[in-house]
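# Secondary and tertiary structure notes
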Amino acid sequence: MNAPFGRRLCEVAANRDSGGYRVVSLLDHEGPEPEPGQFYMLAAEAGWGADGGRAFLPRAISVAATAPGARGGVRLDFLLDAVGPGTERLCGLGAGEGVWITGPLGNSFAAPAEVSPGAAGAVLVGGGVGVAPLALLRRRFGERGVPHRVLLGFRDRRHTGGLDLFCGSSGALCPEVRLATEDGHTGLQGRVTDLLLPILAGDDARSGVVYACGPPAMLEAVRALCAEHGVACELALESPMACGFGACFGCAVPKPGGGFLRLCVDGPVLRGDQVEEVSHAYA
Amino acid sequence: MNAPFGRRLCEVAANRDSGGYRVVSLLDHEGPEPEPGQFYMLAAEAGWGADGGRAFLPRAISVAATAPGARGGVRLDFLLDAVGPGTERLCGLGAGEGVWITGPLGNSFAAPAEVSPGAAGAVLVGGGVGVAPLALLRRRFGERGVPHRVLLGFRDRRHTGGLDLFCGSSGALCPEVRLATEDGHTGLQGRVTDLLLPILAGDDARSGVVYACGPPAMLEAVRALCAEHGVACELALESPMACGFGACFGCAVPKPGGGFLRLCVDGPVLRGDQVEEVSHAYA
Amino acid sequence: MPELCGIELEHPVINASGTYDAIAARAVFGDALLEDFPFAAFVSKTITPEPRAGNAPRRIWETPAGMLNSIGLPNKGLEGFLAEDLPRLAALPVPLIVSIMATSREDFARCVERVAARREVAAIELNVSCPNVHSGLIVGEDPAETEALLETLRPRTEKPLIVKLTPNVAGPAAVAAGAERGGADAVSLINTLKGTAVDPATGAPALGNGYGGLSGPAVRPVALEQVRSVRAATGLPIVGMGGIASGADAAEFLALGASVVAVGTESFRDPRAGSRVAAELESTLRLERVSEPVLDLD
Amino acid sequence: MPELCGIELEHPVINASGTYDAIAARAVFGDALLEDFPFAAFVSKTITPEPRAGNAPRRIWETPAGMLNSIGLPNKGLEGFLAEDLPRLAALPVPLIVSIMATSREDFARCVERVAARREVAAIELNVSCPNVHSGLIVGEDPAETEALLETLRPRTEKPLIVKLTPNVAGPAAVAAGAERGGADAVSLINTLKGTAVDPATGAPALGNGYGGLSGPAVRPVALEQVRSVRAATGLPIVGMGGIASGADAAEFLALGASVVAVGTESFRDPRAGSRVAAELESTLRLERVSEPVLDLD
Ligand SMILES: Cc1cc2nc3c(=O)[nH]c(=O)nc-3n(C[C@H](O)[C@H](O)[C@H](O)COP(=O)(O)OP(=O)(O)OC[C@H]3O[C@@H](n4cnc5c(N)ncnc54)[C@H](O)[C@@H]3O)c2cc1C
Ligand SMILES: Cc1cc2nc3c(=O)[nH]c(=O)nc-3n(C[C@H](O)[C@H](O)[C@H](O)COP(=O)(O)OP(=O)(O)OC[C@H]3O[C@@H](n4cnc5c(N)ncnc54)[C@H](O)[C@@H]3O)c2cc1C
Ligand SMILES: Cc1cc2nc3c(=O)[nH]c(=O)nc-3n(C[C@H](O)[C@H](O)[C@H](O)COP(=O)(O)O)c2cc1C
Ligand SMILES: Cc1cc2nc3c(=O)[nH]c(=O)nc-3n(C[C@H](O)[C@H](O)[C@H](O)COP(=O)(O)O)c2cc1C
Ligand code: FES
Ligand code: FES
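Residues numbered from 1 in each chain as written. Chains lettered and ligands numbered in written order. Predicted model: local features only at pLDDT ≥ 70, side-chain atom pairs only at ≥ 80, totals over all residues. Heavy atoms only, no water.

In this section: the domain arrangement of chain A. All names here are of chain A. For chain A, the assigned domains read domain 1 (8-105) and domain 2 (112-236). With centres defined by C-alpha atoms, the gap from domain 1 to domain 2 works out at 24 Å. Across the contact, 17 residues belong to domain 1 and 19 residues belong to domain 2. Summed over both sides, the interface of domain 1 with domain 2 buries roughly 1,300 Å², with 60% coming from carbon and sulfur. Scanning the region where domain 1 abuts domain 2 turns up 3 salt bridges. On inspection of domain 1 and its partner domain 2, the count reaches 9 residue pairs in polar contact (both at pLDDT 80 or more). When residues of the side of domain 1 that touches domain 2 are traced back to their parent elements, those giving at least two are strand S1 (8-18), strand S4 (59-68) and strand S5 (74-80). Broken down by element, the residue count for the side of domain 1 that touches domain 2 peaks at 5 residues, all from S4. The class makeup of the residues in the side of domain 1 that touches domain 2 is 8 nonpolar, 5 polar and 4 charged. (Domains from an automatic or database assignment. Contact = heavy atoms within 4.5 Å. Buried area = accessible area lost by both parts, 1.4 Å probe. Salt bridge = Lys/Arg side-chain N within 4 Å of Asp/Glu carboxyl O. Polar contact = N/O pair within 3.5 Å; in protein donor to acceptor, adjacent residues only side chain to side chain. Helix = DSSP H or I, 4+ residues; strand = E, 2+ residues; numbered from the N terminus. Nonpolar A, V, L, I, M, F, W, Y, C, P; charged D, E, K, R; others polar.)

A few words on the sheet that holds strand S12 (residues 212-215) of chain D. Residue and element names in this part refer to chain D. Read from one edge of the open sheet, 4 strands run S5-S6-S12-S11, paired in antiparallel fashion. The sheet is open, and its two borders are formed by strand S5 (60-63) and strand S11 (193-195), each paired with just one other strand. The mean angle between the axes of side-by-side strands here comes to 35°, regardless of whether they run parallel or antiparallel. With 3 bridges joining them, S11 and S12 adopt antiparallel strand pairing. From the neighbouring strand, Gly195 faces S12, where its bridge partner is Gly212. (Pairing = 2+ DSSP bridges. Axes fitted to C-alpha atoms, helices over the stretch in contact; angles between N-to-C directions.)

This brings us to the site of ligand 3. Close contacts around ligand 3 come from 23 residues, with Ser17, Thr46, Lys164, Gly243 and Thr265 of chain C the closest. Near ligand 3, residues from chains A and C are present, making the site a shared one. One nitrogen or oxygen atom from the main chain of Ser17 of chain C is found 2.7 Å from an oxygen atom belonging to ligand 3. Within the side chain of Thr46 of chain C, one N or O atom sits 2.6 Å away from a nitrogen atom of ligand 3. Relative to its free-state accessible area of 600 Å², ligand 3 is covered by the protein chains to the extent of 98%. A per-class count over the shell around ligand 3 returns 7 nonpolar, 14 polar and 2 charged. (Near = heavy atom within 4 Å. Areas by Shrake-Rupley, 256 points an atom, 1.4 Å probe, with all protein chains shown as cover.)

This part covers the site of ligand 2. Lining the immediate environment of ligand 2, one finds 23 residues, of which Arg54, Arg59, Ala60, Gly86 and Thr87 of chain B sit closest. Around ligand 2, the nearby residues trace back to chains B and D. In the model, an oxygen atom of ligand 2 is placed 2.6 Å from a nitrogen or oxygen of the Gly86 of chain B main chain. Contact with the protein chains covers 80% of the free accessible surface of ligand 2, which is 940 Å². Examining the composition of the shell around ligand 2, we find that 4 residues originate from one element, strand S4 (residues 59-62) of chain B, more than from any other. Of the residues contributing to the shell around ligand 2, the split by class is 12 nonpolar, 5 polar and 6 charged.

Encoded structure:
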């Protein structure tokens, strides 16, 4: 399904806190339902570029959840971590304000059987703001009856942003979700890879596919562990993006054999074997 | 009285409509009472420079009225015409927002006797957003018992911005104020210079001083008429200002004998004979 | 109807080389791209004799009202381009201009001949100014070198040759004059300004390549001045670019002597910026035609 | 304690020539200016052998994240400056650097001798790059010219000579090397980039002079790249400037090899920008000194 051509102005429907991050909801009257892993380029209509001339370019943000819009169209929920001028401006948007969006862009996560023949189940591994695309993926897997487990890592009590996207309508964390926290205040004390390792070492590991999104170091650990255990994985990467639609060649990610992929059109979801090593240089 | 050194952050106390212009009030806890004719450099704390990188520099704005601040300090009222990105942003400010100000800057109008020996009364001639400094001047003349008349020009019914600054506390226009409007909906149908001419031609014209502020063509007409009739005048000019405190040399206004004045430190109020011709080139 | 070297254009807005991949955009946006193509002509990304992978990341960095890039001209090389990309670009509803760069006159000549031989190609842009590939710099910095290159290439084709000037010189007008003497049909300017930035997280240059090229609204005043000075020095048509984000910006270039304008970085912010700039320009110009001087003496 | 050519500085932030009139600022802000002087040294506006009125208005024009100026070096001339301004500048609580420009080596030499003879003067900056006065350009565009100028001036004084480079060249590093060979003690860069703009109200160039010089954050990436390339070519201390608006910006210049930075346009927005940048820089550097690498693994 193609993205509508060009950027379009959407209205902010809501903006709420989510454990230190923000969930900003936009009403999109033109676009198709996005697939898990896809992203949009976002720029606030007003105040973009203020004070020092940045943010100048739009920002790539994964869609974390969708729902039918109250007045038609689709509601797009984005999970945002305010790390710089662009995300700060987006996090500060109020209901009714305008946001330019282009998308949905990029590819999406594939079903387990498409990634690895015979694979039936999925292990979703997320950390930080990278839990966003996994929230949408888990929803789809749930709807389609794909067996899945979710492993999420958080630093501490103050950093649990996005966790509520994995809660059911009752507000309680869904049973298939397991947590690792570095301070041990809930779930396993440790890293999310500590949860993943026993699964990869399990007998039935190869009947599943790992789907991961998070900070580069986490992704690299997941990639290396999966490669070691011969388990297929898909990684949703980040790289600096000016355009999101293949125009700028800025989002280059090295290919194992040499050369580069454009993450915005060849990704953002790459199979583990499409990546040599997940590095900070492009993430 | 010197301006406090540097810019300081003030809070917007109010922002109201005034016949198509806005009156934006700031609370200044540091600065001295400004004199009529003085100006401040203003820049919104947030959103300055948004969308295209302008406004980048602060904007020179005359003070139109002052009052004791509700919680101490002084309330500064600015009359603003939204003509571009800077004034648009300032006109859109809400109560509680922050504005960087530097000032009060520049010189101020002198008493009639200082401008012209023996002169006792004053004729204030204003047009457009140029009525702003005259509003403060009239207030001071009133307080000090300087006899004065006020002539204001407006285009039409929809353009009467700032007129209310010349109303008494009852909301009615003060008796010493006369109006000219191009559409004749109130006052004389014509230009403000049509009101000035009979005064300049009167027997007692030289016992008064003309104080004018407004669009360049109006100022030039006033300057030329006063010169013709041998009546002293003071003109509050505008020119492009980057700094307002003599640093950039951008605000140059040609001197009659050659060379330039820096309007921000040598003005903004100039005597009629300090100006060759008021031109759009620097206004 | 505007035109460039005899190529008729629907409107005076084309794209800046290397800032729009029509093939990728077609895949992302589908047929809507073709139905409402944003540019009056399409300029390809610069192609080189051999394939290039481009520079190591990081390749882009945002700056005040602009951006740095050190993309490094990734492309399939002359033959790959002719075989794979050209047929697909020929399907675009607008004339095609192919941008080429090479590090020797012979290679340049070969590219010109091979590209010009293709019916689908309306004109050729010679990139003598890319700041990311060292060898590309030399020609465009020197009027005589530029003239000599054009003298080599001119006999190889009757198709229009547009020389894309480098802005990183003391006198772009002299280089433009050299291009004119050598037989160029038009000049385009500006390419990106050499620039760099430091990543605050590392204290080291932010771009993998150490430095890159600056584009976007930040450079517009520099581009306008170069257009003005080149206009004074040559009679060649000028494709003006550098920071154009609106019709008002485009009008500044036209006022200073550009015949056509190109939109680059702004397309990243708005994939239909080309059409928008053209429409805004049209209404700006229409407004100017009907408006009377406004008297503001009240 | 930072220093520049042996001049001790309280902090590494000075002003850019022509962007602060300490005499006017003293009149506006009173003694508070002296008590909290924003710069570690004061650089005068460029003075010329004879008085100059400066260019006809309009002299400034705002651009995206920057501004154009065509001030045209208004000044009282050498003798007027020495008689009237220098004594007042000597009252500033910081070392004084006098910027001079002339259109011949002889005039330059005369200015250097007269200025250097004054005890109040700590160093001399040679403006070989002002884009607003045509003759100022030539020397700074050419390494040999620059070297020759320095060879003329070097024997006239033992005070430090700082050469302010023009950025409007293909290779500022070569000019810096010329300055070094000629005996300069430091270089400062960048001066403004040549630029123009069109006034939408008239369709004509917005500045009275037709064009001007671009400054402000927009040019920072260009300034940083020139500092980087000059650093690679000479061992001279560098005074880095161009669009510095914060301590983080200043840190970028220091990271690429500047010893001292100068604040220009930002002072127009914030009359105490110099002190602010110095304070922000201090806390940035302090932060770097104490911070451990942060592990950000989930
Ligand atoms: C496909 C994709 C999906 C994404 N999904 C999400 C999501 O769901 N939620 C989310 O919060 N984020 C997401 N991101 C990340 C998000 O796009 C970035 O965090 C955002 O672009 C940062 O912009 P900023 O202006 O807030 O910060 P910036 O200041 O731009 O800083 C972010 C990084 O940009 C770099 N940078 C570039 N220019 C400069 C400069 N001039 N000065 C300093 N640093 C600079 C630095 O490396 C810095 O660490 C996604 C990214 C991609 C590619
Ligand atoms: C001493 C003084 C007192 C003043 N007092 C008042 C007052 O009380 N109230 C009030 O409303 N105004 C006042 N002004 C005028 C006010 O400062 C200007 O209207 C304001 O600076 C305009 O800024 P802007 O961003 O809104 O508009 P701009 O877009 O800056 O446009 C205003 C003018 O600036 C020019 N300009 C500069 N750069 C550009 C550019 N890149 N593109 C287009 N145009 C540009 C044009 O000539 C244009 O007509 C005063 C000015 C001075 C000098
Ligand atoms: C990401 C990027 C890639 C570019 N690639 C090329 C290129 O391949 N060939 C070329 O001649 N110019 C290239 N340019 C320069 C643009 O064509 C244009 O000259 C410059 O960006 C100024 O215009 P703008 O400010 O509108 O972007 C590139 C610019 C950018 C930003
Ligand atoms: C209004 C103005 C006047 C200037 N006058 C001079 C000058 O007299 N001599 C000089 O060497 N540089 C002059 N410059 C250039 C600055 O010193 C500085 O090199 C340049 O502005 C870049 O720094 P910035 O971006 O911090 O302003 C001037 C710049 C501006 C904006
Ligand atoms: S973000 Fe521009 S090509 Fe990928
Ligand atoms: S506004 Fe800067 S000197 Fe007057």
